[in-house]
Amino acid sequence: MLNVRSDWRTQMDMMQRQMDRVLDHISGSKPPRVRFSPLVWEPAIDVYETGEAVVVIVELAGVTESDFAITVDRDVFTIQGFRNRAPSLSGKRAYHQMEIASGSFRRSVKLPAMIDAENVRATYGDGLVEVVLPKPRAKPSRKIRIQS
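An account of the accompanying structure is given in this report. No experiment lies behind these values; they were computed from the predicted model shown.

Structural notes on the packing of aromatic side chains
1) Next: On inspection of all chains with the given rule, the structure shows two aromatic pairs.
2) Next: Here the aromatic rings of Trp41 and Phe105 are separated by 4.9 Å at their centres, their planes lie at 55 degrees, and the arrangement is tilted. Remark: Phe105 occurs in strand E7 (residues 103-110) and Trp41 occurs in the loop between strand E1 (35-36) and strand E2 (45-49); sequence separation between them is 64 residues.
3) Next: Given the relative accessible area of 10%, Trp41 is considered buried.
4) Next: Seen from their ring centres, Phe68 and Tyr124 are 5.3 Å apart, and the 70 degrees between their planes marks the pair as edge-to-face. Of this pair, Phe68 sits in strand E4 (residues 68-73) while Tyr124 sits in strand E8 (residues 121-125), and the two are 56 residues apart along the sequence.

Here's the deal with unusual backbone geometry
1) Next: Non-glycine residue Arg74 carries a positive phi angle of around 60 degrees.
2) Next: Structurally, Arg74 can be placed in the loop between E4 and strand E5 (76-83).
3) Next: With a phi close to 55 degrees, Asp126 is a non-glycine residue in the positive phi region.
4) Next: Considering the arrangement of structural elements, one finds Asp126 in the loop between E8 and strand E9 (128-134).
5) Next: By relative accessible area, Asp126 is classed as exposed at 83%.

Focus on the sheet that holds strand E3 (residues 53-59)
1) Next: Read across the open sheet, the four strands follow the order E2-E3-E9-E8; overall the sheet is antiparallel. Of all the strands in the sheet, the pair left with one neighbour each is E2 and E8. Ignoring strand direction, the axes of neighbouring strands in this sheet form an average angle of 15 degrees.
2) Next: In this structure, E2 lies alongside E3, joined through five bridges in antiparallel fashion.

Remarks on a nonpolar patch on the surface
1) Next: A cluster of nonpolar side chains, contributed by Trp8, Met12, Met15, Met19, Val22, Leu23 and Ile26, occupies part of the molecular surface with about 710 Å² of accessible area.
2) Next: Looking at the element boundaries, Val22 is found in helix H1 (residues 8-29).
3) Next: Residue classification places Val22 among the partly exposed residues on the basis of a relative accessible area of 43%.

Calculation criteria
- Residues numbered from 1 in each chain as written.
- Predicted model: local features only at pLDDT ≥ 70, side-chain atom pairs only at ≥ 80, totals over all residues.
- Heavy atoms only, no water.
- Phe/Tyr/Trp six-rings, centres within 6.5 Å; stacked < 30°, edge-to-face > 60°.
- Helix = DSSP H or I, 4+ residues; strand = E, 2+ residues; numbered from the N terminus.
- Buried < 20%, exposed > 50% of the residue type's maximum accessible area, 1.4 Å probe, protein only.
- Pairing = 2+ DSSP bridges.
- Axes fitted to C-alpha atoms, helices over the stretch in contact; angles between N-to-C directions.
- Patch = residues over 30% accessible without salt bridge, like charges linked within 9 Å, V, L, I, M, F, W, Y side chains within 5 Å.
- Areas by Shrake-Rupley, 256 points an atom, 1.4 Å probe, with all protein chains shown as cover.
- Salt bridge = Lys/Arg side-chain N within 4 Å of Asp/Glu carboxyl O.

Here it is, written out as structure tokens:
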């Protein structure tokens, strides 16, 4: 007759957790030789709403004003453009990490409210574009006269 301990499942689960911890430690202790950025990059975007406007802030470090364009179509904000790779330094280099993306980008976000496209304002400084998209002013209500 086979004798099996009643807590064998608990012990197997405990052994599995210990092995997971050991493997996590081993895999986390040695970073990869070279890390690359994703093939396609999208600038980071913050969108927030105030009582009067929707504000969009886009992080575009290293992009000149002439290298991007902003469009607003109804309730969709789109920014697209191009970031050149940083100027090449002379001499031989051995990269250990490459995360600064370059090339074309396009990013669209749905806005949380309708906006007045005629009065949009945008500023650019310190690598950040701030776009203020005012909400349309509410038209005063009017009384409708019923004809008999």
